[in-house]
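Results of the structural survey
The lines below spell out each chain.
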Amino acid sequence: MNRTLDRTLDRSSRSRSSRSDGARWRRALATAALLAGAGLVAAPPASAAGDYTQAAAAAGAQQVQLTFTPAGPARYVDVHYTVVPGVGQQNVRMTEGGGTWHTTVGGLGSGSVLDYWFTYEKNGPQFDTPHFTFTQGGGTQAGCPAQPDVPDFGPNVRIFDPNMPAATIQAQLDADFNAQKDTQTAQFADRRVAHLFKPGTYAVHDDVGFYTSVAGLGRNPDDVTINGDITVDAFNASDQGVALQNFWRSAENMAVNPASGNDRWAVAQAAPFRRMDIRGGLQLYPASFGFASGGYVADTRVSGQTASISQQQWYTRDSAFGSWDGGVWNMVFSGTTGAPANTFPNPPETTLATTPVSRDVPYLYLDGANYRVFLPALRTNASGPSWAAGSTPGTSLPMSQFRVVKPGDTAASINSSLAAGCNLFFTPGVYHLDQTLNVTRADTVVLGIGYPTLVPDNGVDAMHVADVDGVRVKGLLFDAGTTNSQSLLTVGTAGSHVDHAADPTTLQDVFFRVGGELAGKATTSLVVNSDDTIIDHTWAWRADHGNPGTVGWTTNTADTGVLVNGDDVLATGLFVEHYQKYQVIWNGQRGRTIFFQNEMPYDVPDQASWNAPSGVAGYAAYKVGANVTSHEAWGLGSYCFFDTNPAVSSYHAFEVPNTPGVRLHSLLTVSLNTRGSITHVVNDTGAATPSGTAPVNVVSYP
């Protein structure tokens, strides 16, 4: 984000042909999940091993027979598996005979590894088993080796109990904040911390500094009540009253009774506010009314007024507000009751009645004395918080199926756990990786708290996710290493188009950084090849400031922030800044973006160094590929601040094919402090950016 302090602000169908019978069956399973969310069917918890026996045995050179015998009667048993080349996850209703359910999988070559698991009915509810593997010619392996249900979360996780003295809790919160608050010294330090509150009521005030996650451990937000505040403000004298660098901190899954009647969450990028119940007002701006550059709220209820005031842009998804006040350039809402009317650009509010597809984040909670991870169900055309009716629909997994990753763990050991069928729970810390982390199993959960930071060494990519159903990645910061990586995170296989609509991969609160702490280098930060992926709140940032020697045009090199090749990909809350070529390239069909915030690179040395291959001046911030025939986006803002050389310009911020199926709504450009210019908003439409840090708005294109 622009860190200059002297600028001024004006305050004033999808359509897809059916790909397979398996795809239709997956959609039927999704419908069942939605019925469970409506309370018509009990939401499925994870199974107990004593409920069943299962086996896999070769039934020929290319076939394996899977059997499942429940301990008691079951109305149905479904098996889910992946292995067959060119075919995605399959979901099959098994056939029953003599109390044993069975099915046969074909198309296996010698050495093929079948990954499979079961969903079965027991006395009404349905249950999921762990994953199992079978190697054709080898045999069956159990899933993740049992982990403790009450794990050791390591030295950087604070777990508070309501029976602890409030003064003791407050002293720990204050000590962590004092270590994490300073913008000059903590912003690029290695310290990471998480504050976790067990169910109950607390009279505390938690000021939230850098790399700090604050979360309740209840099944739903109201299980943890804070009589006090969870606060972010312009805390430091060096901040000069502005919140332009209040990055990398989060609050989640709590109810707050604010001491003054209003809670304050004055943040910039990478600072999500999720699953919160604010019993009063929510102020998204500093107490000083200084500039702020956020931000993101989801699955949250605010009984009073939510006010943005000096925030230049903001996105809110699937929430409920008593009312809203504020709008500088780009305020976007989807599925939010109490949101303002759609009035862009005067005032600059863009409002969608629903969010087309969403699935809230996985989260840690306490079930009695044991820890579990809850997996919210997929929602379509959602409005309001997922927990508004009492509980978020979904399933859960015990911590016994998670490898708890702690500082000092190696990439090899993490990969071994993934290969054994474990999910991953990253605790706060910085993790250097000398090999790529490979997530290959469908429905794997990779969950981080306290901004665990993955740094690829020696030019490896940090993580690859296979083209499988239902992987959930949440709460990670990918920080480029000093040797160039081709990508930091790649999802799916280039050229593959497997239907994952019923169980998409979700990337949530996943952040990318190139430079700032290290002199990092990465050609592309995020590559999405898998169809139907949901990118829900990401900030991809090529640093414009940081530790000495980590920032410069030839130092922290990075071409592109986000590259989307998959079809039917949805981005809700897309923040991408300062990359050296196209910030976003979208090649997939039927893509959708709700809210985009961008700044072009500050440090372009001269125009000749920064002309697009087409010959026009500069690179577009958001480029939709020339072969795309269907794409739609709402609430798009791109700003320039060519501080190194104000003579630099960009011909346009948005570059899209001129075809009826490609439509953009509520888009704008701004030249911050009139440092450089953008000639048009989209293609050849829209005026040049004027002086005075004023927006140029285009209501719709074409």
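To be clear, the structure that these remarks concern was listed above.
Residues numbered from 1 in each chain as written. Predicted model: local features only at pLDDT ≥ 70, side-chain atom pairs only at ≥ 80, totals over all residues. Heavy atoms only, no water.

Brief notes about the environment of Asp360
What counts, and what does not: In this description a helix means any DSSP run of H or I spanning at least four residues, a strand means any run of E spanning at least two, and both kinds are numbered starting from the N terminus. Relative accessible area decides the class of each residue, using a 1.4 Å probe on protein chains only: under 20% of the type maximum gives buried, over 50% gives exposed, and in between gives partly exposed. Only heavy atoms enter the contact rule, under which two residues are in contact if any of them lie within 4.5 Å. Under this definition, polar contacts are N or O atom pairs within 3.5 Å; protein pairs additionally need one hydrogen-donor-capable and one acceptor-capable atom, and for neighbouring residues in sequence, both atoms have to be side-chain atoms.
Within the fold, Asp360 resides in the loop between strand S27 (355-358) and strand S28 (363-367). Classification of Asp360 by relative accessible area gives buried; the value is 4%. Put simply, Asp360 and Trp634 are 274 residues apart on the chain and 21 Å apart in space, counted from C-alpha to C-alpha. Sequence-distant contacts of Asp360, defined by excluding residues within four places in its chain, comprise Arg274, Arg275, Asp299, Arg317, Pro376, Arg472 and Gln508. Engagement of the side chain of Asp360 in a polar contact is seen with the side chain of Arg274, the distance being 3.4 Å. Polar contacts involving the side chain of Asp360 include one to the side chain of Arg317, which spans 3.3 Å.

Concerning empty space enclosed by the protein
How we decide: A pocket here means an open set of points on a 1 Å grid, computed over the protein atoms alone, that has protein on both sides within 12 Å along at least five of seven lines. A cavity is instead a set of points where a 1.4 Å probe fits but cannot get out; residues with an atom within 4 Å of a point line either one. Grid points are joined across faces, edges and corners, and a volume is the space filled by probe spheres set on the points. Note on residue categories: nonpolar means Ala, Val, Leu, Ile, Met, Phe, Trp, Tyr, Cys or Pro, charged means Asp, Glu, Lys or Arg, and polar means any other residue, Gly included.
Counted as a void, the largest cavity has a volume near 210 Å³. The wall of the largest cavity is formed by 22 residues, among which Ser213, Glu252, Gly448, Ile449 and Lys474 lie closest to the centre. Elements supplying a minimum of two residues to the lining of the largest cavity: strand S15 (212-216), strand S17 (249-258), S28 and strand S36 (445-448). Looking at the lining of the largest cavity, the element that brings in the most residues is S15, giving four residues. Grouping the constituent residues of the lining of the largest cavity by class yields 12 nonpolar, seven polar and three charged.

Looking at the packing of aromatic side chains
Which entries qualify depends on this criterion: Stacked, edge-to-face and tilted are the three classes for Phe, Tyr and Trp ring pairs, Trp counted by its six-membered ring, which pair at centre distances within 6.5 Å; planes under 30 degrees apart are stacked, over 60 edge-to-face, the rest tilted.
Following the criterion strictly, the structure yields 45 aromatic pairs and no others. A ring pair is formed by Phe247 and Trp541, whose centres lie 5.6 Å apart and whose planes are at 50°; its orientation type is tilted. Here Phe247, found in the loop between strand S16 (224-231) and S17, pairs with Trp541, found in strand S44 (residues 534-542); they are 294 residues apart in sequence, far enough to count as distant. Each of the two residues, Phe247 as well as Trp541, counts as buried. Members of the aromatic cluster, each reached through a chain of ring pairs, are Tyr52, Phe68, Tyr116, Phe118, Tyr120, Phe127 and Phe132.

Describing the pairing of strand S12 (residues 193-197)
Note the cut-off: Strands are treated as partners if at least two bridges between them are detected by DSSP.
With five of five residues buried, S12 lies mostly within the body of the structure. By the alternation rule, side chains of S12 split into Val193, His195 and Phe197 and Ala194 and Leu196, which are all buried. Pairing of strand S11 (residues 157-160) with S12, which is carried by four bridges, proceeds in the parallel orientation. The residue bridging Ile159 from the neighbouring strand is Leu196, located in S12. Strand direction decides the pairing type here: S12 and S15, joined by five bridges, are parallel.

Structural notes on the sheet that holds strand S29 (residues 370-376)
Worth spelling out the cut-off: What counts as an axis is a line fitted to C-alpha atoms, over the stretch in contact for a helix, and the angles between N-to-C directions run from 0 to 180 degrees.
Spatially, three strands are ordered S28-S29-S31 in an open sheet, and the strand pairing comes out antiparallel. The sheet is open, and its two edges are formed by S28 and strand S31 (394-398), each paired on a single side. Between one strand axis and the next, the sheet turns by 40° as a mean value, whatever way the strands run. Taken together, the five bridges between S29 and S31 define a ladder with antiparallel strand orientation. Residue pairing in the sheet places Leu375 in a bridge with Thr395 of S31.

A look at the nonpolar core
We apply this condition: The nonpolar core is taken to be a set of buried Ala, Val, Leu, Ile, Met, Phe, Trp, Tyr and Cys residues, with the residues joined through side-chain atoms within 4.5 Å.
Phe426, Met463, Phe478, Leu489 and Phe654 are the most contacted members of the largest nonpolar core, which has 77 residues in total. In this view, Phe654 contacts Phe596, Ala620, Tyr622, Leu636, Gly637, Ser638, Leu664, Leu667, Leu668, Val681, Val682 and Asn683; residues no more than four positions away in its chain are not counted.

Let's talk about the pattern of salt bridges
The cut-off we apply is this: For salt bridges, the criterion is a side-chain nitrogen of Lys or Arg within 4 Å of an Asp or Glu carboxyl oxygen.
For the structure shown, the criterion picks out 31 salt bridges. Asp318 is paired through a salt bridge with Arg379; the nearest N and O atoms lie 3.8 Å apart. Note that Asp318 is positioned in the loop between strand S23 (313-317) and strand S24 (320-325) and Arg379 in strand S30 (residues 379-382), a separation of 61 residues in sequence. In this pair, the class of Asp318 matches that of Arg379, namely buried. For Arg403, the salt bridge goes to Asp409, with nearest N and O atoms at 3.1 Å. Asp409 gets classed as partly exposed once you look at its relative accessible area, which sits at 23%.

Quick look at the side chain of Gln597
Its place among the elements puts Gln597 in strand S48 (residues 591-599). Judged by relative accessible area, Gln597 falls into the buried class, the value being 1%. Engagement of the side chain of Gln597 in a polar contact is seen with the side chain of Gln269, the distance being 3.2 Å.

Examining helix H3 (residues 411-419)
Residues spaced three or four apart along an α-helix face the same direction, because each turn holds 3.6 residues. Stated formally: In this context, the arc is that of the directions from the helix axis out to the C-beta atoms.
Every buried residue belonging to H3 is among Ala411, Ile414, Asn415, Ser417 and Leu418, and all of these are buried. On an axial view of H3, the arc spanned by its buried residues comes to 155°, and they lie on one face. Those residues of H3 that are buried lie in contact with strand S32 (402-405), strand S33 (423-426), strand S34 (430-433) and strand S35 (437-439).

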